[in-house]
Amino acid sequence: MTGVLLGPTEIRSLAERLAVRPTKTLGQNFLHDANTIRRIVRTAGLAAGEHVLEIGPGLGSLTLGLLEAGHPVTAVEIDPALAGALGDTVGARLPGAELRVVRADAMSLSAADIAPSPTALVANLPYNVAVPVLLRALEVLPDLRTALVMVQAEVADRLAAPPGSRVYGVPSVKAAWYAATERAGAIPRSVFWPVPNVDSGLVRLTRREPPQTGASRGEVFAVIDAAFAQRRKTLRAALAGWAGSAAAAEETLRAAGVDPQARGETLDVAAFARLAGARREHDETRTGGAS
Ligand code: SAM
């Protein structure tokens, strides 16, 4: 049963009326399957009446699903035509629903754009910018306690990958800084219009405290970037540029309790945090604590 939700016919006629031609650049693939939408809302594990942030509401498929379940929604959409039409679409189907539309680029989202802050993120993210958009939201909205996002299946695997896995990389470690991450199901291509040429998957993130370290988040992320820029090399070699020399890298690695011959793909986020902490301690000792 579709009810207030948008089915295939409604999606097509809405897009036609708004003269929306879905673009790949903005990752515009719209959901038109009520069962999938309700499944996403259920899987999100939201508290009753919890305020939800949706990034990229598009024509409003998931927005209506969230509102139908009684959640106030703040929706951030970059496309002016879609952002401009969302209020009317929702008003016609769910009068009185608590929706706030913010026309903005989620890549440069700030807490001020969407105050008061939602506590959950539920989104079918634009696929080409899914990771930076997700990391940005986790960074600038510390009140987000949970996220359920739909992304390209390969990206879902990467986000949820544990250390040592073939697909473990920068997105896995940076996501792990903020949250425990797990795959939460697959989504078939047939539930989108237009049908995408990639598979999709759900990822659930549950906020937790970042690992203890004397370094800042930026410093930890810098060593993660450096380690994976040359992921086939040992950390001693891969971190030579970051530390100043291979010998300095080895010294920092040993101080952090990490084998200099290991590769970055075997380290968890806590080890990267220790490395950045050891580097900072070393720098502070050299400059007499002035840095
Ligand atoms: N949530 C809708 C659905 O499931 O049918 C649409 C999802 S579609 C995959 C991605 C949406 O994100 C599009 O509406 C697109 O215009 C929007 N978008 C793309 N880049 C964006 C950005 N940087 N900031 C905010 N929204 C963006």
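One can find the structure itself at the top, above this paragraph.
Below you will find a few notes about this structure.

The rules behind the values
- Residues numbered from 1 in each chain as written.
- Predicted model: local features only at pLDDT ≥ 70, side-chain atom pairs only at ≥ 80, totals over all residues.
- Heavy atoms only, no water.
- Near = heavy atom within 4 Å.
- Polar contact = N/O pair within 3.5 Å; in protein donor to acceptor, adjacent residues only side chain to side chain.
- Areas by Shrake-Rupley, 256 points an atom, 1.4 Å probe, with all protein chains shown as cover.
- Helix = DSSP H or I, 4+ residues; strand = E, 2+ residues; numbered from the N terminus.
- Nonpolar A, V, L, I, M, F, W, Y, C, P; charged D, E, K, R; others polar.
- Axes fitted to C-alpha atoms, helices over the stretch in contact; angles between N-to-C directions.
- Parallel < 35°, antiparallel > 145°, perpendicular 65-115°, else oblique.
- Left-handed = near helix turned anticlockwise from the far one by under 90°.
- Contact = heavy atoms within 4.5 Å.
- Phe/Tyr/Trp six-rings, centres within 6.5 Å; stacked < 30°, edge-to-face > 60°.
- Buried < 20%, exposed > 50% of the residue type's maximum accessible area, 1.4 Å probe, protein only.
- Lys NZ or Arg CZ within 6 Å of the ring centre and 35° of its normal.
- Salt bridge = Lys/Arg side-chain N within 4 Å of Asp/Glu carboxyl O.

A separate point is the site of the ligand. Not every one of the 22 residues close to the ligand is listed here, only the nearest: Leu31, Gly56, Glu77, Asp105 and Asn124. Here Ser61 contributes a side-chain N or O atom positioned 3.5 Å from an oxygen atom of the ligand. One of the backbone N or O atoms of Ile78 is found 3.3 Å from a nitrogen atom in the ligand. Within the complex, the protein chains bury 98% of what would otherwise be the 590 Å² of accessible surface of the ligand. Where the shell around the ligand is concerned, the elements lending two or more residues are β1 (30-31) and β3 (73-77). For the shell around the ligand, the class distribution of residues is 11 nonpolar, 7 polar and 4 charged.

At their nearest, the axes of helix α8 (residues 217-229) and helix α12 (residues 269-286) sit 8 Å apart, and the two run at 110° to each other. Here α12 runs roughly perpendicular to α8, going by the angle between their axes. Along this stretch, α8 crosses α12, giving a crossing that reads as right-handed. Here Glu219, Val220, Val223, Ile224, Ala227 and Phe228 of α8 come into contact with α12, specifically with Phe272, Ala273, Leu275, Ala276 and Arg280. Across the contact of α8 with α12, the residue classes break down as 9 nonpolar, no polar and 2 charged.

What the rule picks out here adds up to 5 aromatic pairs. An angle of 40° between the planes, with centres 6.0 Å apart, marks the rings of Phe228 and Phe272 as tilted. Of this pair, Phe228 sits in helix α8 while Phe272 is found in helix α12, placing the two residues 44 residues apart along the sequence. No difference in accessibility class separates Phe228 from Phe272, as the two residues are buried. Taken together, the ring pairs in this structure connect Tyr168, Phe228 and Phe272 into an aromatic cluster. We note Arg217 situated over the ring of Phe221; from NZ or CZ to the ring centre the distance is 4.9 Å.

Applying the stated criterion to the full structure yields 15 salt bridges. With a closest N to O distance of 3.2 Å, Glu265 and Arg231 form a salt bridge. Of the two residues, Glu265 sits in the loop between α11 (246-255) and α12 while Arg231 sits in the loop between α8 and α9 (235-238), which places them 34 residues apart along the sequence. With its nearest N and O atoms 3.2 Å apart, the salt bridge here joins Arg279 to Asp283. Here Asp283 and Arg279 lie together in helix α12, a separation of 4 residues that amounts to about one turn.

On to the side chain of Ser172, then. Here Ser172 lies in helix α7 (residues 170-178). Take Ser172: its relative accessible area is 2%, and that puts it in the buried class. A polar contact of 2.8 Å, which involves the side chain of Ser172, links it to the backbone nitrogen of Gly169. Ser172 has contacts with Arg158, Leu159, Ala161 and Val167, leaving out every residue within four places of it along the chain.

Turning next to the environment of Val173. Looking at where Val173 falls in the secondary structure, it is placed in helix α7. In this structure Val173 comes out as buried when scored by relative accessible area, which is 0%. Residues Val173 and Ile224 lie 51 residues apart in sequence; the distance between their C-alpha atoms is 7.5 Å. Excluding its chain neighbours within four sequence positions, the residues that come into contact with Val173 are Tyr168, Ile224, Phe228, Val269 and Phe272.

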